[in-house]
Amino acid sequence: MRVLGIETSCDETAAAVVTDDGRVLSDVVHSQVKLHAPYGGVVPELASRDHLRNARPVIEGALERAGLGAGDLDGIAVTCRPGLSGALLVGVQAAQGLAWAADKPIVGVDHLVGHLLAVFLQHPGVESPPPPSFPFIALLASGGHTALYRVEGLDLSEVRELGATRDDAAGEAFDKVAKLLGLGYPGGPVIDRLAREGNPEAIELSRPMKRRDSLEFSFSGLKTNVMRWVNQHGRPGDDQILRDLCAAFQRRVVDTLVQKAVRAARREEVGEIVLAGGVAANRELRERSAEAAAVHGIRVVVPPFSSCTDNAAMIAYAGLSRLARGENDSGRIETTPHTALLRVTRKGPGRRGTRAS
Ligand code: KG4
Ligand code: ZN
């Protein structure tokens, strides 16, 4: 099977063609980072307009690079949740239009499930680790979500949340701290780079949610801690103090993510942890998680960088199993800012066990 994936949930317009064994035939990503950088975060209205401008050339580019026409596809998968409403609508409308024109089945995909399954993608010429076997623990850490899941299979019903963040996502914390330090958007890559030259022990910051038994996260206290430090000492210039502060902040985030991922794997008696989402591109997280897990005989599966950040290949792959079963959501795809995965962690006000973003 050959499936076209389309992704426009946030600030990347992406399209890709993937085969049913996970081979990526094309993978086109148009990033809006420069557009949003002056604002220190994604501006929804600007995102929708830019998706509108780029959806068509990006989709055509993905088909062209795969050497296929729309008629050669076996189906289309499009992100319909969670994400920015206007942004999601652009991708869904484009996908729906193409599906009608080419008379192909189409399925709506949950963006988070895409991230969880990105580890199965095989990019030609890029070395990928041997894929995990089910069940595995997934640590999903992106700009909008941070959670631990037990993944039993490819379907939504086979993914169970073990714990999530009660406030900021890990990537959001990177972005907010970077904004505070005047480092631009997105914050993860620049803090990652600066932290490499810093001493994580030089500045004392609080440890986020270190309760031993919990699988939940909280990053807003750490962010406030950095803010207080800056109020007290002034914003550092481009100097060693800046590097030390980045290193201390990153060490705290990474330590928490690693400790809880290993705890989840041990508690669930699962031998593999998969890293997913944009924060999984973090060098320190990739290294420290592998070391900490190895002590307990647990393998950490780290996908290549291009599979961690937002892309459409993971969306195509996440839609494959339903398309293979002959399912078709044509004319019935609704967009929503909320994930379809059942949440067990209470975020802000609201009940446990409800479906929420
Ligand atoms: O998964 P993603 O591309 O988009 C969402 O679905 O949110 O993740 C983007 C997030 C941003 O918050 C960005 O700062 C963070 O991932 N990120 C990183 C790194 N690269 C991207 N965080 C830490 N270290 C990195 N190297
Ligand atoms: Zn994402």
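Rules and cut-offs
Residues numbered from 1 in each chain as written. Chains lettered and ligands numbered in written order. Predicted model: local features only at pLDDT ≥ 70, side-chain atom pairs only at ≥ 80, totals over all residues. Heavy atoms only, no water. Near = heavy atom within 4 Å. Polar contact = N/O pair within 3.5 Å; in protein donor to acceptor, adjacent residues only side chain to side chain. Areas by Shrake-Rupley, 256 points an atom, 1.4 Å probe, with all protein chains shown as cover. 1 Å grid on protein atoms, 1.4 Å probe; cavity = no way out; pocket = protein on both sides within 12 Å on 5 of 7 lines; lining within 4 Å. Sits in = over half its atoms within 2 Å of the grid points. Helix = DSSP H or I, 4+ residues; strand = E, 2+ residues; numbered from the N terminus. Nonpolar A, V, L, I, M, F, W, Y, C, P; charged D, E, K, R; others polar. Domains from an automatic or database assignment. Pairing = 2+ DSSP bridges. Axes fitted to C-alpha atoms, helices over the stretch in contact; angles between N-to-C directions. Contact = heavy atoms within 4.5 Å. Core = buried A, V, L, I, M, F, W, Y, C linked by side-chain atoms within 4.5 Å. Buried < 20%, exposed > 50% of the residue type's maximum accessible area, 1.4 Å probe, protein only. Expected span 1.5 Å × (residues − 1). Points joined across faces, edges and corners; volume = space filled by probe spheres on them.

Caption draft 1: Molecular detail of the site of ligand 1. Close to ligand 1 lie 20 residues; Gly-143, Asp-175, Gly-188, Asp-192 and Asn-282 are nearest. One of the side-chain nitrogen or oxygen atoms of Asp-192 is found 2.9 Å away from a nitrogen atom of ligand 1. In isolation ligand 1 exposes 560 Å². Once the protein is present, 89% of that is buried. More than half of the atoms of ligand 1 fall within 2 Å of the grid points belonging to the largest pocket. When residues of the shell around ligand 1 are traced back to their parent elements, those giving at least two are helix 4 (111-117), helix 5 (170-180) and helix 6 (187-195). Ranked by the residues each element gives to the shell around ligand 1, the list is headed by helix 6, at four residues. Partitioned by chemical class, the residues of the shell around ligand 1 number five nonpolar, twelve polar and three charged. Three or more residues apiece are contributed to the shell around ligand 1 by two domains, here domain 1 (2-124 + 307-324) and domain 2 (136-302).

Caption draft 2: Structural detail: the sheet that holds strand 5 (residues 106-110). Judged by pairing direction, the sheet is mixed, and its five strands sit side by side in the order 3-2-1-4-5 without closing on themselves. Edge positions in the sheet fall to strand 3 (24-31) and strand 5, since each has one partner strand and no second. This sheet shows a mean twist of 20° between the axes of neighbouring strands, independent of strand direction. Where strand 4 (residues 75-81) meets strand 5, five bridges bridge the pair, whose relative direction is parallel. Within strand 5, the position partnered with Arg-81 by the bridge is Asp-110. Docked against the sheet, helix 2 (residues 44-66) engages strand 1 (2-7), strand 2 (12-19) and strand 3, running at close to 25° with respect to strand 2. Across the sheet, helix 11 (residues 313-324) is in contact with strand 1, strand 2, strand 3, strand 4 and strand 5; its angle to strand 5 comes to roughly 120°.

Caption draft 3: Highlighting the nonpolar core. Grouped together as the largest cluster of nonpolar side chains are 49 residues, with contacts concentrated most on Leu-148, Phe-249, Leu-257 and Ile-273. Broken down by secondary-structure element, the contributors of at least two residues to this core are strand 6 (136-141), helix 5, helix 6, helix 7 (220-233), helix 8 (240-268), strand 9 (272-276) and helix 9 (283-294). Apart from the residues lying within four places of it in its own chain, the contact partners of Leu-148 are Ile-137, Ala-138, Leu-139, Arg-160, Glu-161, Leu-162, Gly-163, Leu-215, Phe-217, Lys-260, Ala-261 and Ala-264. Counting 37 residues, the second largest nonpolar core, distinct from the first, contains Val-107, Tyr-149, Val-159 and Val-274.

Caption draft 4: The environment of Asp-20, seen in detail. One can find Asp-20 in the loop between strand 2 and strand 3. Judged by its relative accessible area of 46%, Asp-20 falls in the partly exposed class. Along the sequence, Asp-20 and Gly-319 sit 299 residues apart, while their C-alpha atoms lie 9.9 Å from each other. Setting aside residues up to four positions removed in sequence, Asp-20 forms contacts with Met-1, Tyr-317 and Leu-320.

Caption draft 5: Local environment of helix 3 (residues 85-102). The terminal C-alpha atoms of helix 3 lie 26 Å apart, and with 18 residues this matches the ideal 26 Å at 1.5 Å per residue to within 8%. Listed as buried for helix 3 are Ala-87, Leu-88, Val-90, Gly-91, Val-92, Ala-95, Gln-96, Leu-98 and Ala-99. Buried-residue contacts for helix 3 involve strand 1, helix 2, strand 4 and strand 5. Two residues or fewer past helix 3, Asp-103 is found with a positive phi of approximately 55°.

Caption draft 6: The layout of surface pockets, seen in detail. In this structure, the largest pocket spans a volume of roughly 1100 Å³. What lines the largest pocket is a set of 40 residues, and nearest its centre among them are Ser-142, Gly-143, Gly-144, Asp-175 and Tyr-185. The leading source of residues in the lining of the largest pocket is helix 5, at six residues. Here the lining of the largest pocket is composed, by residue class, of 14 nonpolar, 17 polar and nine charged.

Caption draft 7: Broad picture of the sheet that holds strand 9. Reading across from one edge, 8-7-6-9-10 is the order of the five strands in this open sheet, with mixed pairing throughout. The sheet terminates laterally at strand 8 (159-164) and strand 10 (299-301), the two strands that pair on one side only. The average undirected angle you get between the axes of adjacent strands in this sheet is 25°. Where strand 7 (residues 146-151) and strand 8 come together, five bridges link them in antiparallel fashion. Bridge pairing links Arg-150 to Arg-160 in strand 8. Its contacts with the sheet place helix 9 against strand 6, strand 9 and strand 10, and it is angled at close to 170° to strand 9.

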